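These are the residues of each chain, in order.
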Amino acid sequence: KAGVTQTPRYLIKTRGQQVTLSCSPISGHRSVSWYQQTPGQGLQFLFEYFSETQRNKGNFPGRFSGRQFSNSRSEMNVSTLELGDSALYLCASSFTLRDTQYFGPGTRLTVL
Amino acid sequence: EDQVTQSPEALRLQEGESSSLNCSYTVSGLRGLFWYRQDPGKGPEFLFTLYSAGEEKEKERLKATLTKKESFLHITAPKPEDSATYLCAAHNFNKFYFGSGTKLNVKP
């Protein structure tokens, strides 16, 4: 069974630009969550989707947004990038909202 | 306040020197306690899920246990390849709560 895939794996952007990250969950999984991981803050929850609906949202500014499609694939978008947005962005999928989450390899975003 | 605290932050062991990592939680309505292993630059890899106090699960040199207030990840006779950051997470009906992790370094 294929695992969670994230694209792209690496991304370099400049301040003020916007970026879109993609996540394909494990086949059959309907819930996707997004996390930001930095050395100083650890894993910070961004948002969670189930059946194309955002079910939960973390404490991030409105520049961070996401969506989920009917095939459970998910995208997150960050607009007006800031230097502090440099991080590893992780996507996790689970069968339902409170099952074990399985993580993808992450997208490393560097903002210059 | 619902939260998960892991200790120690970092742990250095000699190969073969057994030890335990701690995960304390104050999450109301706990539905599950999870352990993950994360290698640098990679996504966390799922290890165990524990659902009720007294439950234990084992995988190779790792054993996870759960009480009503904390979970332990016991590492028996570790090898250098066990070096990684170990994360625990607790979830209730609302969300997942992740600890900040324990960075384990096993020296040969």
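Located above this text is the structure these notes cover.
> For this particular structure, what's the right way to read the pairing of strand β7 (residues 62-66) of chain B?
Residues and elements named next belong to chain B. The element β7 is largely enclosed, with a buried count of 4 among its 5 residues. As defined by bridge partners, strand β6 (residues 56-59) adjoins β7 across 4 bridges and the pair is classed as antiparallel. Its bridge partner lying in β7, Lys57 is registered against Ala64. Following β6, the chain reverses through 2 residues before pairing antiparallel with β7; Glu60 in that reversal takes a positive phi of roughly 55 degrees. Relative to strand β8 (residues 70-75), β7 runs antiparallel, the two sharing 5 bridges.

> Quick question: what am I supposed to make of the interface of chain A and chain B here?
Bring the parts together and some accessible area is lost; that lost area is often taken as the interface size. Facing 18 residues of chain A, the contacting portion of chain B comprises 18 residues. In this assembly, chain A packs against chain B so that about 1,400 Å² is buried in total across both faces, 57% of it on carbon and sulfur atoms. For the chain A face of the interface with chain B, the top three residues by lost area are Arg98, Thr100 and Phe103 of chain A, together amounting to 39%. Remark: the boundary between chain A and chain B carries 0 salt bridges. In this structure, the connection of chain A to chain B is made through 3 residue pairs in polar contact (both at pLDDT 80 or more). Grouping the amino acids of the side of chain A that touches chain B by side-chain chemistry returns 8 nonpolar, 5 polar and 5 charged.

Reading the values: the criteria
Residues numbered from 1 in each chain as written. Chains lettered and ligands numbered in written order. Predicted model: local features only at pLDDT ≥ 70, side-chain atom pairs only at ≥ 80, totals over all residues. Heavy atoms only, no water. Buried < 20%, exposed > 50% of the residue type's maximum accessible area, 1.4 Å probe, protein only. Helix = DSSP H or I, 4+ residues; strand = E, 2+ residues; numbered from the N terminus. Pairing = 2+ DSSP bridges. Contact = heavy atoms within 4.5 Å. Buried area = accessible area lost by both parts, 1.4 Å probe. Salt bridge = Lys/Arg side-chain N within 4 Å of Asp/Glu carboxyl O. Polar contact = N/O pair within 3.5 Å; in protein donor to acceptor, adjacent residues only side chain to side chain. Nonpolar A, V, L, I, M, F, W, Y, C, P; charged D, E, K, R; others polar.

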